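Summary of structural features
Take a look at the letters that make up each chain.
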There are 2 protein chains.
Amino acid sequence: MANEVQSLDEIDQAMLEALAGNARISLKELAQQVGLSSPSAAERLRRLEERGVVKAFTIDLDPAAVGYPLQAIVRVRPLPGQLHMVERIIQDIPEIVECDKVTGEDCFIARLVVRSMAELDGLLDKVAERAETNTAMIKASPVKRRLPPLSRKR
Amino acid sequence: MANEVQSLDEIDQAMLEALAGNARISLKELAQQVGLSSPSAAERLRRLEERGVVKAFTIDLDPAAVGYPLQAIVRVRPLPGQLHMVERIIQDIPEIVECDKVTGEDCFIARLVVRSMAELDGLLDKVAERAETNTAMIKASPVKRRLPPLSRKR
DNA sequence: ATTGAAACCGTACAGTA
DNA sequence: TACTGTACGGTTTCAAT
């Protein structure tokens, strides 16, 4: 498949920024914010989805507000021969809200939410016999999830 | 301020799951999916926002589709006395799309997007004199961003 | 939480540059 | 090819229950 990266013009960029701020604004308001008519804005948005630029419209939850006051980042280094089993165990722990497979000594880096340190301990036990783990509790988030720079000079 | 965690009933949970899948569905469709009338669904959604459960409606972009084929997770350990300066530098690098401050030897764990390894090298140079860094390139994402379990009985 | 009516919005279409 | 204005049908919102 053709996987070429087309560039985003200024209107596309403005649309993505507006939607990153509030994905539920009406097409009419979106159109106004970028200086287009609604049908134009609708068509551009449709194409951004079609091109795969926008993967999803989604929500940011506050974990604390749904009962998870603690968050951690866990680096996971499976023991020899345990990589696939460890990956499956990670996918089956619903408190793990994100996990990447990376280069280097650690195979996986996971982000998880928990209600208590006791619960964290219970979750880490699930891989304890198959992997070494290194856990860092999150104290603050100096950069909240944000868009990468879209204004590429090329 | 009162920061009590109220519980989410089954309808709230279903609404959050539906919106996590597509934050732009109409209130009417949302209402149908959870078995309510539109005004009821609208009012519940308003209250979930008011309570801070839903922090934002946002979009997931595909970094590769906007010109960033590489992603990395960088652990950052500032040298003595450099913590605040390093934090400021991190916030000023727009390619860092997320950064947490954590317990343990590493002070910060950042996620960033880049166009090339050369660009990564240039970004790491910005803190090189003030912090040790440890970089892991992301090869895959076995768990994509997902909601924590909402159903737990408390 | 629901209904029904009024206001509002999304979308298809025809026309313009 | 991309945009605009328009009109219709569908959606959101509000009042009353």
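Residues numbered from 1 in each chain as written. Chains lettered and ligands numbered in written order. Predicted model: local features only at pLDDT ≥ 70, side-chain atom pairs only at ≥ 80, totals over all residues. Heavy atoms only, no water.

Side note on the overall build of chain A
The number of helices and strands found in chain A is five helices and five strands. From first element to last, N terminus to C terminus, chain A shows the α and β order α-α-α-β-β-α-β-β-α-β. A globule of 154 residues ought to have a C-alpha radius of gyration of about 15 Å, yet chain A, at 20 Å, is considerably larger. Overall, the C-alpha framework of chain A stretches about 60 × 40 × 25 Å when taken along its three principal axes. Per-residue burial for chain A yields a buried fraction of 45% across its 154 residues. By sequence separation, contacts in chain A at least 24 residues apart represent 64% of the contacts at least 6 residues apart. (Helix = DSSP H or I, 4+ residues; strand = E, 2+ residues; numbered from the N terminus. Rg over C-alpha atoms; globule rule 2.2 N^0.38 Å. Buried < 20%, exposed > 50% of the residue type's maximum accessible area, 1.4 Å probe, protein only. Contact = heavy atoms within 4.5 Å.)

So, the sheet that holds strand β4 (residues 108–114) of chain A
Judged by pairing direction, the barrel is antiparallel, and its eight strands sit side by side in the order β2(A)-β4(A)-β3(A)-β5(B)-β2(B)-β4(B)-β3(B)-β5(A) before closing back on the first. Averaged over all neighbouring strand pairs, the angle between strand axes comes to 35 degrees, with direction disregarded. Two strands pair when backbone bridges link them, and strand β5 (residues 131–143) of chain A and strand β3 (residues 96–102) of chain B are joined in this way by three bridges, in the antiparallel orientation. For Ala140 of chain A, the partnering residue across the bridge sits in β3 of chain B and is Lys101 of chain B. (Pairing = 2+ DSSP bridges. Axes fitted to C-alpha atoms, helices over the stretch in contact; angles between N-to-C directions.)

Let's talk about the relation of the copies chain B and chain A
The two copies are related by a screw operation: chain B maps onto chain A through 180 degrees of rotation and 0.0 Å of translation along the axis, at an RMSD of 0.1 Å. In short, the pair behaves as if placed about a two-fold rotation axis. In this assembly, 99% of the residues forming the interface of chain B have copies in chain A that are likewise at the interface, indicating an isologous arrangement. (Least-squares fit on C-alpha atoms with pLDDT ≥ 70 in both.)

Some words on the nonpolar core
Membership of the largest hydrophobic core comes to 44 residues, with the highest contact counts inside it found for Leu16 of chain A together with Leu16 of chain B. Sorting the residues of this core by element identifies α1 (10–21), α2 (27–34), α3 (38–50) and β1 (54–61) of chain A together with α1 (10–21), α2 (27–34), α3 (38–50) and β1 (54–61) of chain B as the ones contributing at least two each. (Core = buried A, V, L, I, M, F, W, Y, C linked by side-chain atoms within 4.5 Å.)

Description of the protein's contact with DNA strand D
Surveying the vicinity of DNA strand D reveals the residues Leu36, Ser37, Pro39, Ser40, Arg44 and Arg47 of chain A together with Ser26, Leu27, Lys28, Ser38 and Pro39 of chain B. With respect to DNA strand D, the side chain of Arg44 of chain A contributes an N or O atom lying 2.7 Å from a phosphate oxygen. Secondary-structure elements contributing two or more residues to the surface near DNA strand D are α3 of chain A together with α2 and α3 of chain B. Per element, the largest residue contribution to the surface near DNA strand D is four residues, and it comes from α3 of chain A. Within the surface near DNA strand D, the residues separate by chemical class into four nonpolar, four polar and three charged. (Near = heavy atom within 4 Å. Polar contact = N/O pair within 3.5 Å; in protein donor to acceptor, adjacent residues only side chain to side chain. Nonpolar A, V, L, I, M, F, W, Y, C, P; charged D, E, K, R; others polar.)

A few points about the domain arrangement of chain A
By domain assignment, chain A separates into domain 1 (10–51) and domain 2 (63–137). Distance from the C-alpha centre of domain 1 of chain A to the C-alpha centre of domain 2 of chain A: 37 Å. (Domains from an automatic or database assignment.)

A short note on α3 of chain A
In an α-helix there are 3.6 residues to a turn, and that puts residues three or four apart on one side. Residue and element names in this part refer to chain A. In this model α3 runs 18 Å from its N-terminal to its C-terminal C-alpha over 13 residues, within 8% of the 18 Å that 1.5 Å per residue would give. Packed against the buried residues of α3 are α1, α2 and β1. Gly52 sits one or two residues past α3 and shows a positive phi near 85 degrees. (Expected span 1.5 Å × (residues − 1).)

A closer look at the interface of chain B and chain A
Listed by partner, the interface residues are 69 residues for chain B and 69 residues for chain A. Buried surface at the junction of chain B and chain A, summed over both partners, amounts to about 6500 Å²; 55% is from carbon and sulfur atoms. Asp60 of chain B is the salt-bridge partner of Arg145 of chain A, the closest N and O atoms lying 3.3 Å from each other. Our enumeration of links across chain B and chain A arrives at 41 residue pairs in polar contact (both at pLDDT 80 or more). If you list the elements that add at least two residues to the side of chain B that touches chain A, you get α1, β1, β2 (70–78), α4 (83–91), β3, β4 (108–114) and β5 (131–143) of chain B. Of the residues contributing to the side of chain B that touches chain A, the split by class is 40 nonpolar, ten polar and 19 charged. Here seven bridges tie β1 of chain A to β1 of chain B, and the two strands are oriented antiparallel to one another. If you follow Val54 of chain A over to β1 of chain B, its bridge partner there is Leu61 of chain B. (Buried area = accessible area lost by both parts, 1.4 Å probe. Salt bridge = Lys/Arg side-chain N within 4 Å of Asp/Glu carboxyl O.)

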